[in-house]
Amino acid sequence: MIRGTTPTHYFTVPCKAQNISKVNVLYGQDDKLLFKKKTSDCTIEDELVTVKLSRNESLMFNHKLPAQVQIVIKQTNDDILESIVQTFGVDKLLDDGVIE
């Protein structure tokens, strides 16, 4: 991911959309939470959860460290599912300012 962009992340999950009551997608670096995307921030269809980051959210990442993401799902039967923490690279942005 390049800092300052608005990437869309896709997560294949082991349950159908109708069995999901809540979703949290946790983003961090260096084992510290930077921000959380909630159910209302996600699109859930079949077994796919999609979430888009804003420019401001992607600017929160330090390009010198790998980013971390984890998805947590609460099912309608109150079971909780968590993914392993996954890492991905963060590339530089030469200008953090507003695009003119």
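Residues numbered from 1 in each chain as written. Predicted model: local features only at pLDDT ≥ 70, side-chain atom pairs only at ≥ 80, totals over all residues. Heavy atoms only, no water.

Caption draft 1: The arrangement of the sheet that holds strand β4 (residues 42-45) in detail. Taken in spatial order, the three strands of this open sheet run β1-β5-β4, and their pairing is antiparallel. Edge positions in the open sheet fall to β1 (8-12) and β4, since each of these has one partner strand only. Within this sheet the neighbouring strands show an average axis-to-axis angle of 20°, counted without direction. Strand direction decides the pairing type here: β4 and strand β5 (residues 48-52), joined by four bridges, are antiparallel. By the bridge assignment for β5, Thr43 is matched with Thr50. (Pairing = 2+ DSSP bridges. Helix = DSSP H or I, 4+ residues; strand = E, 2+ residues; numbered from the N terminus. Axes fitted to C-alpha atoms, helices over the stretch in contact; angles between N-to-C directions.)

Caption draft 2: Main features of the pattern of salt bridges. A complete count under the given rule lists five salt bridges for this structure. Residue Asp96 is joined to Arg3 by a salt bridge in which the shortest nitrogen-to-oxygen separation is 3.0 Å. Here Asp96, found in the segment after β8 (86-88), pairs with Arg3, found in the segment before β1; they are 93 residues apart in sequence, far enough to count as distant. For Asp96, a relative accessible area of 40% corresponds to the partly exposed category. Judged by its relative accessible area of 9%, Arg3 falls in the buried class. A salt bridge links Asp30 to Lys32; the nearest nitrogen and oxygen atoms lie 3.6 Å apart. (Salt bridge = Lys/Arg side-chain N within 4 Å of Asp/Glu carboxyl O. Buried < 20%, exposed > 50% of the residue type's maximum accessible area, 1.4 Å probe, protein only.)

Just distances and angles here, no functional claims.
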